[in-house]
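# Summary of structural features
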Amino acid sequence: MLTTLQTEYTDTRAADLAWALGREPLPALAVLDLELSGARLQLRLLGASHQVLLEEQHGTCSETVACMPGSSTPLPLGVAKRIGGWEYEFAARVEHLSRGSFAGRAQELLALVADHPHGLAGTFPGSPHAFTAMLAQRHEGRVRWRTWHAYPQERQLVVTRTSVGCVFPQRSARHMPQAPALARGLG
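Reference entry: report on the structure contained in this document.

Cut-offs and rules
- Throughout, a residue's number is its position along its own chain's written sequence, starting from 1.
- The model is predicted, so local features are restricted to residues of pLDDT at least 70 and side-chain atom pairs to those at 80 or more, both for listing and for counting; the totals for chains, interfaces and linings are taken over all residues.
- The side-chain numbers reported here are obtained from all heavy atoms of the structure, hydrogens and water having been left aside.
- Paired strands, as defined in this entry, are two strands with at least two bridges between them according to DSSP.
- Strands are runs of DSSP state E lasting at least 2 residues, helices are runs of H or I lasting at least 4, and numbering of each runs from the N terminus.
- Orientation is described by axes fitted as lines to C-alpha atoms, over the contacting stretch for helices, and by angles from 0 to 180 degrees between their N-to-C directions.
- A helix is expected to reach a length of 1.5 Å times the quantity of its residues less one.
- Contacts were defined at the residue level, with two residues in contact if any of their heavy atoms lie within 4.5 Å.
- Within 6.5 Å between ring centres, the rings of Phe, Tyr and Trp (the latter by its six-membered ring) count as paired, and their orientation is classed by plane angle as stacked under 30 degrees, edge-to-face over 60, tilted in between.
- Each residue is placed in one exposure class: buried if its accessible area under a 1.4 Å probe, protein chains only, is under 20% of its type's maximum, exposed if it is over 50%, and partly exposed if it falls in between.
- Throughout, nonpolar core names a set of buried Ala, Val, Leu, Ile, Met, Phe, Trp, Tyr and Cys residues whose side chains join them through atoms within 4.5 Å.

Spatially, 2-6-5-4-3 is the arrangement adopted by the 5 strands of the open sheet, whose pairing is antiparallel. Strands with a single pairing partner mark the edges of an open sheet, and in this sheet they are strand 2 (18–21) and strand 3 (30–36). Each strand axis lies, on average, 10° off the axis of its neighbour in the sheet, ignoring direction. In terms of strand pairing, strand 2 meets strand 6 (residues 59–66) through 4 bridges, oriented antiparallel. Within strand 6, the position partnered with alanine 20 by the bridge is threonine 64.

Given below as structure tokens:
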């Protein structure tokens, strides 16, 4: 789904983005509700920022990447945490592009997300390449989402990737079946 966000472009620098887990839902400019094999996911555009709310039998998770006044957690390159019964993994990078490359990449990403049933993108009035886009999926028991935050004035694209999955209890080694190679001492 592609929408034009009816707001000023306020998050104007990639360096101002911060990351947080567990925040309450913030006012959203656009929302996409999804059901992914038993997981309820809400993709939320907060201007040039995003929030994802996940609810499943194992609990809830809230991820926010935004310019948050008073936040002491700048956008990390990577995070791996256990949240209740889930494993949470987050990665972010900033792409610095040339003027022509930025415009092409922006068009490519908006086309990818706009018609995808699990995608949400919002563009800003006044700049065809100022956007935030999100795409979600469920794969191999994990809920995953990717986001793109475009800053055309700096020709920067902030790309994030998140994966959340259930933590299964570890079985002790004496209860684990051994592979034939290990049983023969070849491992």
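There's plenty left to go through after this.
Okay, helix 1 (residues 99–114) next. Compared with an ideal rise of 1.5 Å per residue, which puts 16 residues at 22 Å, helix 1 spans 22 Å between its outermost C-alpha atoms and is within 8% of the ideal. Its buried side turned inward, helix 1 meets strand 1 (2–4), strand 8 (86–96), strand 9 (119–124), strand 10 (127–139), strand 11 (142–151) and strand 12 (156–166).

The next thing to look at is the packing of aromatic side chains. Enumeration according to the criterion identifies 2 aromatic pairs in this entry. Ring geometry for tryptophan 19 versus tyrosine 88: centroids 6.3 Å apart, planes at 35°, classification tilted. Here the residue tryptophan 19 occupies a position in strand 2, and tyrosine 88 occupies one in strand 8, the gap between them amounting to 69 residues. What makes tyrosine 88 buried here is its relative accessible area of 0%. Taken together, Trp19, Tyr88 and Phe90 form an aromatic cluster joined through their ring pairs.

We now examine the pairing of strand 7 (residues 78–83). Note on strand geometry: in a regular strand, side chains alternate between the two faces of the sheet. Strand direction decides the pairing type here: strand 7 and strand 8, joined by 6 bridges, are antiparallel. The residue bridging isoleucine 83 from the neighbouring strand is tryptophan 86, located in strand 8.

If you look at the biggest cluster of nonpolar residues, it comprises 32 residues, and the most contacted ones within it are Leu41, Leu43, Leu54 and Trp145. Leucine 41 has contacts with Leu32, Asp33, Leu34, Leu36, Val52, Leu53, Leu54, Ala136, Val143 and Trp145, leaving out every residue within four places of it along the chain. If you look at the next biggest cluster of nonpolar residues, it comprises 13 residues, including Leu110, Val113, Ala121 and Phe131.

Relative to the helices and strands, threonine 132 is located in strand 10. Leave out the neighbours within four places in its chain, and threonine 132 touches Leu45, Gly47, Ala48, Ser49, Leu120, Ala121, Gly122, Phe124, Trp148 and His149.

Let's shift gears to the sheet that holds strand 10. What the 7 strands build is an open sheet, ordered 1-9-10-11-12-8-7; its pairing is mixed. Looking at the sheet topology across the chains shown, the edges are occupied by strand 1 and strand 7. The mean inter-strand angle of the sheet, taken between neighbouring strand axes irrespective of direction, is 15°. As paired elements, strand 11 and strand 12 share 10 bridges and run antiparallel to each other. Counterpart to tryptophan 145 in the pairing with strand 12 is threonine 162.

To continue, consider unusual backbone geometry. Peptide bonds are trans in most cases, and residues, glycine excluded, mostly fall at negative phi. Its identity as a non-glycine residue notwithstanding, serine 37 has a phi of 50°, on the positive side. Residue placement: serine 37 occurs in the loop between strand 3 and strand 4 (39–45). A positive phi angle, near 55°, is found at arginine 155, a position not held by glycine. Along the polypeptide, arginine 155 turns up in the loop between strand 11 and strand 12. Classification of arginine 155 as partly exposed rests on a relative accessible area of 27%.

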